[in-house]
Amino acid sequence: MKRVYTILPNSRSNRPPFGSDHPLLKLLDSCKSMEDVKRTHAQLITSDLVSYPLVATKLIKLLSGHSLSSSHHIFEQVRQPDLFLYNTFIKAHASRKDSYNSLLLFRAMLNNSELVPNQYTIVFVLNACRHGQVVSEGKQVHVHAIKRGFEMNVFVINVLIQMYSSWGLLQDARKAFDWSSERDLFSWNLLISGYVGSFKMDQARELFDEMPKRDVVTWSTIIAGYVQVGCFEEALEIFQEMQLARAAPNEFTLSSSLAACANLVALSQGRWIHVYMKKSGIRMNEKLLAGLIDMYAKCGEIEFAAKIFYNGDYPKQTIWPWNAMIGGFAMHGQSKDAIELFEQLKFANISPTEVTFIPLLSACCHGRLVEEGRSYFKEMSSLYGIEPGIEHYGCLVDILSRAGHLEEAEEITRCMPMEPDIAVWGALLSGCRIYGDIDRGERIGNFIRELDPGHVGCNILFANMYSGSGRWNDARNLRDKIEVGHKKKTPGCTSIELEGMFHQFLVGDRSHPQTREIYSFLDDMAIKLKNAGYIPEVREVLLNIDDEDKETALTIHSERLAITFGLINTAPGTPIRIVKNLRVCWDCHQVTKFISKVYGREIVVRDRIRFHHFKNGLCSCNDYW
């Protein structure tokens, strides 16, 4: 209902004929429930005291959180509202994200020549504009604030920065920041947060470096920003800089830093954060617990992640830690453990979310649990009332495709309630490659080309399929198309952490300081592996060359270079942990099994899809990934 606010004639004094010690005012101050407020309100009406601003303001503050309609009725009974009453009522509407009525009140105030808005009025109205996403009105209020001389007021400047940032108008936010000479630490943090929220990390970092003073909010915001854009090394560099500045991190700083460690597989730094939490007495909340579990799981320490999860001293009343642990089991191929943990949710009286079903279905995929995958997919809507999204359909298609149910997977893809994206079609195409179904693969490839005519991954998959079946001309034509289109496949990159330092290797990389030693070791390794029975898998090398040259091409894959570096620089028996940005190829998977046996090492490989634990010539995935 639209309201028009008018000022009633000032028929009597605005000042009440009583003091703050009036019994009804004292009674109003002592109200402990809405029933108490309503009874006192009734007495104020019968005594005709409710029309005074002092009384109305107290009542509105008590009622605005529960019933704005009652507050409206009180406000309209006041013969001459004062500035404090207007501000109280504007703020009440702003907190309810009701910009319309806040602006109406502001307009009514401006029509009263006896009332002059103060800084609090401007702040409350701007907040209402921010919540209501009314850009034009917000800019008008900004102009009004300048006319009233508030352009240098720090409270007004801060809400202007916040308002413009929330709308993505960062140039306007920056102008408000630059115009003010009275900005405080909160002003800097707000603008940095605005840049971070819009993924403009260059501008955020520039502002961060200029800051005369920083607090924990500053550090936490910039670290979280780098994590959200995938710049994990930069996030940890800032975290280390924070330690050097002797600034104490809080749970938000640590959560973001743990996420950076998880994505970099920076186990030593993740462990340091865990120890710091214990020594500093940081309270373990559930999001921090989930971050800790996720870090250990993604760094290959799934047993330790489970130990933390099952620690009875830690809170697990929300879904976050459960999602992290189910996801950890899934990525390590411990499908039965993931399913068992999901079933325990029922006894813990915790409802799963749509996020929960993604790692659960992924666990079914890695464990070749087709029936379980079908069942949980159906239960999402039938038992839990969660409508599957495109990610869930992608998981189901992946489950079926990897297990060879290509016809069913294609039928589901065609009948999805939403348009399948490249990821869904790609899962089906990958299944076609595994099972050599070139005819179906070419049909699926046409759908992918319609979505993205130059999709490199699709062409690489086809090239692999053609190479594997000896169709060298088709493989060469696809490769030429990729080169003509000036698009390149994401190069294989593998990283390994050693004593807090990250070493990255590309395929055929010769830029590392230990290159000569690495390649010499590779030559000796090749002889030992062949003597142990290793036979290179050369069918999918995308070149029509002789087998000896293909074997040479395989030996310089990035994961082999990283593993060799680890063998050279760590003591015998030390586990080697590496991270690959792409899916591990079949030959590298085979050779790593042999390396683990010949050299007596446990090798933990995290690729784009999952973890592989190699030990004594075997892999935890049982050659199904």
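Notes on the structure follow. Treat the numbers as computed from the prediction; the structure is a model and nothing was measured.

## Points about the overall build of the protein chain
Part 1 of the reasoning: Along its length, the protein chain carries 32 helices and 6 strands.
Part 2 of the reasoning: Restricting the contact set of the protein chain to residue pairs at least 6 apart, pairs at least 24 apart contribute 65%.
Part 3 of the reasoning: Put simply, the protein chain shows about 30200 Å² of open surface, and 52% of that area lies on carbon and sulfur atoms.

## A few points about the side chain of Arg130
Part 1 of the reasoning: With respect to the helices and strands, the residue Arg130 is situated in helix 7 (residues 119-132).
Part 2 of the reasoning: No salt bridge forms around the buried Arg130; measuring N to O, its nearest opposite-charge neighbour Glu137 is 14 Å away.
Part 3 of the reasoning: Non-local contacts of Arg130, meaning those with residues more than four positions away in its chain, are made with Gln162, Met163, Ser166 and Trp167.

## Here we look at the side chain of Thr494
Part 1 of the reasoning: Position of Thr494 relative to the elements: it lies in strand 1 (residues 493-498).
Part 2 of the reasoning: Residue classification places Thr494 among the buried residues on the basis of a relative accessible area of 0%.
Part 3 of the reasoning: Within the structure, Thr494 has its side chain in polar contact with the backbone nitrogen of Glu559 (distance 3.2 Å).
Part 4 of the reasoning: Not counting residues within four places of it along the chain, the set of residues in contact with Thr494 comprises His503, Gln504, Phe505, Ser558, Glu559, Ala562, Ile578, Val579 and Lys580.

## Section: the pattern of salt bridges
Part 1 of the reasoning: What the rule picks out here adds up to 17 salt bridges.
Part 2 of the reasoning: A salt bridge links Glu371 to Arg374; the shortest N-O distance between them is 2.4 Å. One end of the pair is Glu371 and the other is Arg374, both in helix 22 (residues 370-382) and 3 residues apart, which spans about a single turn.
Part 3 of the reasoning: For Glu371, a relative accessible area of 53% corresponds to the exposed category.
Part 4 of the reasoning: Take Arg374: its relative accessible area is 19%, and that puts it in the buried class.
Part 5 of the reasoning: Where Arg414 meets Glu410, a salt bridge forms, and the shortest distance between an N and an O atom there is 2.7 Å. A residue pair is termed a helical-turn pair when its members lie 3 or 4 positions apart in one helix, as Arg414 and Glu410 do in helix 24 (residues 406-415) at 4 residues.
Part 6 of the reasoning: Taking relative accessible area as the criterion, Arg414 reaches 42% and is therefore assigned partly exposed.
Part 7 of the reasoning: Here Glu410 falls in the buried class, since its relative accessible area comes to 6%.

## What about the nonpolar core?
Part 1 of the reasoning: Within the largest apolar cluster, 149 residues are counted, with the highest numbers of intra-cluster contacts made by Ile222, Met295 and Met325.
Part 2 of the reasoning: Counting residues per element, this core draws most heavily on helix 17 (residues 286-298), at 8 residues.
Part 3 of the reasoning: Once residues within four sequence positions are removed from consideration, Met325 is found in contact with Ile293, Ile302, Ala305, Ala306, Phe309 and Leu341.
Part 4 of the reasoning: Counting 25 residues, the second largest nonpolar core, distinct from the first, contains Ile496, Leu529, Val584 and Ile603.

## What about the pairing of strand 1?
The two faces of a sheet get side chains in turn, since along a regular strand they alternate between them.
Part 1 of the reasoning: Across the 6 residues that make up strand 1, a large majority, 5, are buried.
Part 2 of the reasoning: Hairpin remark: strand 1 followed by strand 2 (residues 501-506), antiparallel, with 2 residues in the connecting loop; positive phi at Glu499, about 55°.
Part 3 of the reasoning: Two elements, strand 1 and strand 3 (residues 576-580), share 3 bridges in a ladder whose sense is antiparallel. The residue bridging Ile496 from the neighbouring strand is Ile578, located in strand 3.

## Concerning the packing of helix 12 (residues 201-210) against helix 13 (residues 216-228)
Part 1 of the reasoning: Interhelical geometry of helix 12 versus helix 13 gives an angle of 155° and a closest axis separation of 11 Å. Classified by the interaxial angle, the pair formed by helix 12 and helix 13 is roughly antiparallel. Pair helix 12 / helix 13 crosses with left-handed handedness. Residues Met201, Ala204, Arg205 and Phe208 of helix 12 lie in contact with helix 13, whose contacting residues are Thr218, Trp219, Ile222, Gly225 and Tyr226.

## Description of the environment of Lys580
Part 1 of the reasoning: By secondary structure assignment, the location of Lys580 is in strand 3.
Part 2 of the reasoning: Accessibility expressed as a relative area gives 9% for Lys580, which makes it buried.
Part 3 of the reasoning: Put simply, Lys580 and Gly492 are 88 residues apart on the chain and 7.1 Å apart in space, counted from C-alpha to C-alpha.
Part 4 of the reasoning: With near-sequence residues (within four places) excluded, Lys580 lies in contact with Gly492, Cys493, Thr494, Ser558, Glu559, Arg606, Asp607 and Arg608.

## Re the state of the cysteines
Part 1 of the reasoning: By the definition in use, this model includes 0 disulfides.
Part 2 of the reasoning: Looking at the unpaired Cys299, the closest cysteine sulfur is the one in Cys261, lying at 6.8 Å.

## A short note on the environment of Ile390
Part 1 of the reasoning: For Ile390, the position within the fold is in helix 23 (residues 390-402).
Part 2 of the reasoning: Overall, Ile390 belongs to the partly exposed group, its relative accessible area being 23%.
Part 3 of the reasoning: Placed 34 residues apart in sequence, Ile390 and Val424 show a C-alpha to C-alpha distance of 8.0 Å.
Part 4 of the reasoning: The contacts of Ile390, once residues within four sequence positions are left out, are Met416, Met418, Glu419, Pro420, Asp421 and Val424.

Conventions adopted
Residues numbered from 1 in each chain as written. Predicted model: local features only at pLDDT ≥ 70, side-chain atom pairs only at ≥ 80, totals over all residues. Heavy atoms only, no water. Helix = DSSP H or I, 4+ residues; strand = E, 2+ residues; numbered from the N terminus. Contact = heavy atoms within 4.5 Å. Areas by Shrake-Rupley, 256 points an atom, 1.4 Å probe, with all protein chains shown as cover. Buried < 20%, exposed > 50% of the residue type's maximum accessible area, 1.4 Å probe, protein only. Lys, Arg positive; Asp, Glu negative; His and termini not counted. Salt bridge = Lys/Arg side-chain N within 4 Å of Asp/Glu carboxyl O. Polar contact = N/O pair within 3.5 Å; in protein donor to acceptor, adjacent residues only side chain to side chain. Core = buried A, V, L, I, M, F, W, Y, C linked by side-chain atoms within 4.5 Å. Pairing = 2+ DSSP bridges. Axes fitted to C-alpha atoms, helices over the stretch in contact; angles between N-to-C directions. Parallel < 35°, antiparallel > 145°, perpendicular 65-115°, else oblique. Left-handed = near helix turned anticlockwise from the far one by under 90°. Disulfide = S-S within 2.5 Å.

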